[in-house]
Amino acid sequence: MAAIDAPTGLRTAVAGRLGRREGGLVEAAPERTVRWLVRRFWPYARPYRRALAGSLLLVALAPALEAARLWLFKLVVDDVLVPADFGPFVWLAVAYVGLTLAAGLVGFLDEVVSGWAGERFLLGLRTDLFGRLLRGSLSSLERRRLGDTLQRLTGDVDAIEAFVLSGWATAVAYVVELLVFGGLLFLLDWRLALVSLVVAPAFGLLARSFSRRIREASRERRRQGGSLAAAAEERLANALLVQAYAGEERETRRFHGEGIACLQAQLRAIRIRAGFPAAVELVELAGGLTVIALGTYELSRGRLSLGSLLVFLAYLAQLYGPVRGLSRLAATVHAAAAAGERVAELLDERPAVADAPDARRLDRVDGLVELDGVTYTYPGADAPALRDVSLRVEPGRTLAIVGPSGAGKSTVLRLLLRLADPDAGVVRLDGEDARGIELASLRSHLAVVLQETLLFDGTVREAIAYGRPDATDEEIRAAARLADADGFATALPGGYETRVGQRGRSLSGGQRQRLAIARAFLRDAPVLLLDEPTAGLDNASAAHVLGPLRRLRAGRTTILVTHDLDAARDADAIAVVEGGRIVERGTHAELAAAGGAYARLLAARGAAA
Ligand code: ADP
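Residues numbered from 1 in each chain as written. Predicted model: local features only at pLDDT ≥ 70, side-chain atom pairs only at ≥ 80, totals over all residues. Heavy atoms only, no water.

S.K.: Looking at this structure, how should I read the side chain of Arg-222?
M.R.: Mapped onto the secondary structure, Arg-222 falls in helix 9 (residues 200-237). Once residues lying within four places of it in the same chain are set aside, the contact partners of Arg-222 are Gln-151, Gly-155, Asp-156, Ala-159, Ala-335, Ala-338, Ala-339 and Arg-342. (Helix = DSSP H or I, 4+ residues; strand = E, 2+ residues; numbered from the N terminus. Contact = heavy atoms within 4.5 Å.)

Following this line, the structure appears as structure tokens:
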């Protein structure tokens, strides 16, 4: 075996000092980046440091076993083959088998232990990132391309693991191999070992230029990967639109186009990486030939045995793997740095709202809701979505907010839910500034029914219990009855245990809305936020929803956002919003008579009808 490897050894003549040189290659990545990467993500690895230390030990053991195996080969040549003496063969064979078994066991344990730590690290980092994304700023989550975010959550996290855990272990393994085999070369014949260092400076230059070039390519590759995932996600999520407009071919072509950019970035990195070993081999060959020349001379002077020269070449061959490996590792480092940047960007994002240090819990509220001089601009938007808006809804009363779309109606609800804080002005619940109330406590007093009810793939029962997972079956059924949902729920094939399908697709829009109302009943919060709860429903379905909604509103402070003037009609007060301002307020009768914005909306609707 080693004899067969020996010719490769020619190319590996650069011997032990490569360890440091190639270590330098890793550091030649901008120092800040690598150090930053490790510092940034080490906390996720810390819990598994014992396993990591164990795996490093195993990793260091492997080259020692390998070196011993090769040494046996020298003994076979010098003590068995050259003297043609069968005597020592048996114990050499036994030792060989023993070492092979030991190496196998070490390899197995290392794989298992480092795999365990790596997978744990991945899960921990990924879960933390996911939790932060969910808790983070809603508008920035909405602004990002979902596919790209998913890519960061999956592929980029993997790339970080590949360096922060696996990468380090591999690097240590390589360095140990270089030290062990390099050291042995010196032990065998220091003159030959010195000669094999002749080519080291050429190596240094090669490594430098490689490292510089692979860095940019890696960053570009990760960026393009995210953008490809985003393109796929957007097209697949809107497959209905694509098919309805026969856009399959076009979108596939467009996807292909996006893929081309990704492919080019990938190919560039591949070219850089593929060119490196060839250059490395040339340099090594030069060193190797020098070694052979000098080795032959030493052999002829009797200063070296044939077995020693062969094992020298075999050890050189062993250096070849780590040298290549370290160059690959440089690519891993840069990929990890690029991925780390992308993941850290998400991890470091501040939530738009957070509990103030002195935030208070509100245990019971009457449901007095106020906005006082509120102005709010979405991050990145040019103009405010709300300007100087003031509202006051007494406990148990209903305020309808009407106006054209884009006027800022839903933004009022977002501020009440405290998905964002106003830039100016105050939102109050029972007279308390919402910013001074613990978020969880604030939201526990609110129930929402949105325009399109979102359901996760789960059972009807789980959909209703979403806001109160500890609710009993009795309570769930009672809520469903109040929401007129009990009838259709019991009629489903599996009753309350029927799965609703992804996003509740197996239910009609009206049924989903009634489940949302049941959910709000179960939550039993004093303040109710309704965002176009009947939009998108046909008249019959809407009629089925209006009854339960009216029951739900009874006794709760309700803010109803709608462009359906019929739904707004029986509210205690109506506010008309246009361009982020409240332009008019009063009851239906007052506003209809006033001849202002509301009357114009009424007239426009009449004309349309
Ligand atoms: P309405 O509910 O009356 O249709 P919205 O409150 O949804 O209006 O929106 C008010 C304004 O804010 C619109 O100009 C809209 O484009 C803008 N807007 C809404 N949501 C966002 C967002 N997440 N990021 C940036 N601008 C937004």
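After presenting the structure, the write-up continues.
S.K.: What exactly am I supposed to notice about the sheet that holds strand 1 (residues 369-376) here?
M.R.: Within a beta sheet, neighbouring strands are joined by backbone hydrogen bonds and run either parallel or antiparallel to one another. Read across the sheet, four strands follow the order 2-1-4-5 without closing on themselves; strand pairing throughout is antiparallel. At either end of the open sheet lies a strand with only one pairing partner, and these are strand 2 (386-393) and strand 5 (432-433). Where strand 1 lies against strand 4 (residues 424-429), five bridges are found, and the strand directions are antiparallel. Bridge pairing in strand 4 links Asp-372 to Val-426. Its contacts with the sheet place helix 13 (residues 409-416) against strand 1, strand 2 and strand 4, and it is angled at close to 115° to strand 1. (Pairing = 2+ DSSP bridges. Axes fitted to C-alpha atoms, helices over the stretch in contact; angles between N-to-C directions.)

S.K.: Would you explain the environment of Arg-40 in this entry?
M.R.: You can see Arg-40 is positioned in helix 3 (residues 31-45). Put simply, Arg-40 and Gln-151 are 111 residues apart on the chain and 19 Å apart in space, counted from C-alpha to C-alpha.

S.K.: What exactly am I supposed to notice about helix 7 (residues 146-188) here?
M.R.: Every α-helical turn comprises 3.6 residues, leaving residues that sit three or four positions apart pointing alike. Over its 43 residues, helix 7 runs 59 Å from end to end, which matches the ideal 63 Å to within 8%, given 1.5 Å per residue. The principal kink in helix 7, of about 50°, is found at Gly-167. (Expected span 1.5 Å × (residues − 1). Bend = angle between axes of the 7 residues up to and from the residue.)

S.K.: Just to check I follow, could you spell out the packing of aromatic side chains for this structure?
M.R.: The geometry of two aromatic rings is summed up by the distance between their centres and the angle between their planes. For the structure shown, the criterion picks out seven aromatic pairs. Among the aromatic residues, those joined into a ring-pair cluster are Trp-36, Phe-41 and Tyr-44. Between Lys-74 and the ring centre of Trp-71, over which it is positioned, the NZ or CZ distance is 5.4 Å. (Phe/Tyr/Trp six-rings, centres within 6.5 Å; stacked < 30°, edge-to-face > 60°. Lys NZ or Arg CZ within 6 Å of the ring centre and 35° of its normal.)

S.K.: Mind showing me how you'd approach the side chain of Thr-459 here?
M.R.: The topology assignment puts Thr-459 in the loop between strand 6 (446-449) and helix 15 (460-464). Residue class for Thr-459 comes out buried when judged on its relative accessible area of 7%. (Buried < 20%, exposed > 50% of the residue type's maximum accessible area, 1.4 Å probe, protein only.)

S.K.: Would you mind showing me how to read the confidence of the model for the protein here?
M.R.: As a note on interpretation, predicted positions should not be read in detail where pLDDT is low. When pLDDT is averaged across the protein, the result is 84; 94% of the residues are at 70 or more. Considering only residues more than four positions removed or in separate chains, one finds that residues 1-32, a stretch of pLDDT under 50, has 82 contacts. (pLDDT = per-residue confidence, 0-100.)

S.K.: Help me understand the site of the ligand, please; the structure alone is not making it clear to me.
M.R.: What surrounds the ligand is the set Glu-142, Tyr-378, Ala-385, Pro-404, Ser-405, Gly-406, Ala-407, Gly-408, Lys-409, Ser-410 and Thr-411. Interatomic distance of 3.5 Å between a side-chain N/O atom of Tyr-378 and a nitrogen atom of the ligand. Within the side chain of Ser-410, a nitrogen or oxygen atom sits 2.6 Å from an oxygen atom of the ligand. Protein chains shield 62% of the accessible area of the ligand, which is 560 Å² for the free molecule. The leading source of residues in the shell around the ligand is helix 13, at three residues. For the shell around the ligand, the class distribution of residues is four nonpolar, five polar and two charged. (Near = heavy atom within 4 Å. Polar contact = N/O pair within 3.5 Å; in protein donor to acceptor, adjacent residues only side chain to side chain. Areas by Shrake-Rupley, 256 points an atom, 1.4 Å probe, with all protein chains shown as cover. Nonpolar A, V, L, I, M, F, W, Y, C, P; charged D, E, K, R; others polar.)

S.K.: How do you make sense of a nonpolar patch on the surface when you look at a structure like this?
M.R.: Together, Leu-81, Val-82, Leu-299 and Leu-306 line one region of the surface with nonpolar side chains, adding up to about 360 Å² of accessible area. Within the secondary structure, Leu-81 sits in helix 4 (residues 49-81). (Patch = residues over 30% accessible without salt bridge, like charges linked within 9 Å, V, L, I, M, F, W, Y side chains within 5 Å. Salt bridge = Lys/Arg side-chain N within 4 Å of Asp/Glu carboxyl O.)

S.K.: What is the right way to look at the packing of helix 4 against helix 7 in this model?
M.R.: The relative placement of two packed helices is expressed as an angle between their axes plus a distance between the axes. Where helix 4 meets helix 7, the closest approach of the two axes is 9 Å, and the angle between their N-to-C directions is 30°. One finds that helix 4 runs roughly parallel with respect to helix 7. Seen along the crossing, helix 4 lies across helix 7 with a hand that is right-handed. Contacts between helix 4 and helix 7 involve Leu-52, Ser-55, Leu-56, Val-59, Ala-60, Pro-63, Glu-66, Ala-67, Leu-70 and Trp-71 from the first element and Leu-165, Ala-169, Val-172, Ala-173, Val-176, Glu-177, Val-180, Phe-181, Leu-184 and Leu-188 from the second. For the contact of helix 4 with helix 7, the residue count by class is 17 nonpolar, one polar and two charged. (Parallel < 35°, antiparallel > 145°, perpendicular 65-115°, else oblique. Left-handed = near helix turned anticlockwise from the far one by under 90°.)

S.K.: Can you help me understand the sheet that holds strand 7 (residues 527-531) in this one?
M.R.: The sheet built from six strands is open, its strands ordered 6-7-8-3-9-10 with mixed pairing. The outermost strands of the open sheet, each flanked by one partner alone, are strand 6 and strand 10 (581-586). Each strand axis lies, on average, 20° off the axis of its neighbour in the sheet, ignoring direction. Both strand 9 (residues 573-578) and strand 10 contribute to a ladder of five bridges, which runs antiparallel. Pairing of Ala-575 across the sheet is with Arg-585, part of strand 10. Seen against the sheet, helix 18 (residues 509-523) touches strand 6 and strand 7 and runs at an angle of roughly 175° to strand 6.

S.K.: Can you walk me through the environment of His-588 in this structure?
M.R.: Summarising the element assignment, His-588 is placed in helix 21 (residues 588-594). For His-588 and Asp-570, which are 18 residues apart along the polypeptide, the C-alpha to C-alpha distance reads 7.5 Å. Sequence-distant contacts of His-588, that is, excluding residues within four places in its chain, are made with Arg-569, Ile-574, Tyr-598 and Leu-602.

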